[in-house]
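Chains, contacts and geometry: an overview
What follows is each chain in one-letter form.
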Amino acid sequence: EVQLVESGGGLVQSGGSLRLSCAASGFNFRGNAMTWVRLAPGKGLEWVAGISRGGDATTYADSVNGRFTISRDNVKNAVYLQMNSLKPEDTAVYYCAKNWVPNSWGQGTQVIVSS
């Protein structure tokens with residue numbers, strides 16, 4: 001079974017940084033692109049960032065471009081999201097997902113950015 005476990009969330013002040021991690025198992029990790037999506041209270045699901053299966057190509061939502069960096073370690077079967085210059089608008093539950101168009105995701109990790 002596909003298993004995705006997010007971690008690294010927490011409370012941080014505006015302008016601060018957090019590094020989210022996602023441990024993946026139960027599928028051919030190296031054969032799949034990976035993404036991060038988020039769900040803010042009262043809002044719909046927002047696609048945040050994606051990375052190709054080899055890690056050579058990355059894409060970002062305009063709202064986080066220049067502040068967030070997605071990366072992966074195909075030896076550890078892990079995906080990361082480095083979040084810098086955080087804003088209150090970034091407050092959400094962040095989910096690690098499989099594929100460019102997510103077809104599997106974890107339970108999420110909460111990120112709260114105070115003003």
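Below is a short write-up of the structure. (Residues numbered from 1 in each chain as written. Predicted model: local features only at pLDDT ≥ 70, side-chain atom pairs only at ≥ 80, totals over all residues. Heavy atoms only, no water.)

Now for the overall build of the chain. In terms of helices and strands, the chain carries 0 helices and 11 strands. Taken over C-alpha atoms, the radius of gyration comes to 13 Å for the chain, in line with the 13 Å a tight globule of 115 residues would show. Evaluated residue by residue, the chain yields a buried proportion of 43% over its 115 residues. Approximately 6000 Å² of the chain is accessible, and the part contributed by carbon and sulfur atoms is 48%. Of the side chains in the chain, 10 bear a positive and 8 a negative charge, and the two mean positions are spaced by 4 Å. (Helix = DSSP H or I, 4+ residues; strand = E, 2+ residues; numbered from the N terminus. Rg over C-alpha atoms; globule rule 2.2 N^0.38 Å. Buried < 20%, exposed > 50% of the residue type's maximum accessible area, 1.4 Å probe, protein only. Areas by Shrake-Rupley, 256 points an atom, 1.4 Å probe, with all protein chains shown as cover. Lys, Arg positive; Asp, Glu negative; His and termini not counted. Charge placed at Lys NZ, Arg CZ, Asp CG, Glu CD.)

Here we take up the packing of aromatic side chains. For the coordinates displayed, the defined rule picks out 1 aromatic pair. Each ring, one from Phe-27 and one from Phe-29, has its centre 6.2 Å from the other, and the planes form 55°; the classification is tilted. Residues Phe-27 and Phe-29 agree in their burial class; the two are buried. One cation-aromatic arrangement involves Arg-19 over Tyr-80; the distance from NZ or CZ to the ring centre is 4.3 Å. Cation over ring: Arg-72 sits above Phe-29, and NZ or CZ is 4.3 Å from the ring centre. (Phe/Tyr/Trp six-rings, centres within 6.5 Å; stacked < 30°, edge-to-face > 60°. Lys NZ or Arg CZ within 6 Å of the ring centre and 35° of its normal.)

Looking at where Ser-52 falls in the secondary structure, it is placed in the loop between strand S5 (45-51) and strand S6 (58-60). Look at Ser-52 and you get buried, because its relative accessible area is 12%. The contacts of Ser-52, once residues within four sequence positions are left out, are Ala-33, Ala-57, Arg-72 and Trp-100. (Contact = heavy atoms within 4.5 Å.)

As a further point, take the pairing of strand S1 (residues 3-7). Burial along S1 is one-sided: the face carrying Leu-4 and Glu-6 is buried and the face carrying Gln-3, Val-5 and Ser-7 is not. Pairing between S1 and strand S3 (residues 18-25): 5 bridges, direction antiparallel. Bridge assignment links Leu-4 to a residue of S3, and that residue is Ala-24. (Pairing = 2+ DSSP bridges.)

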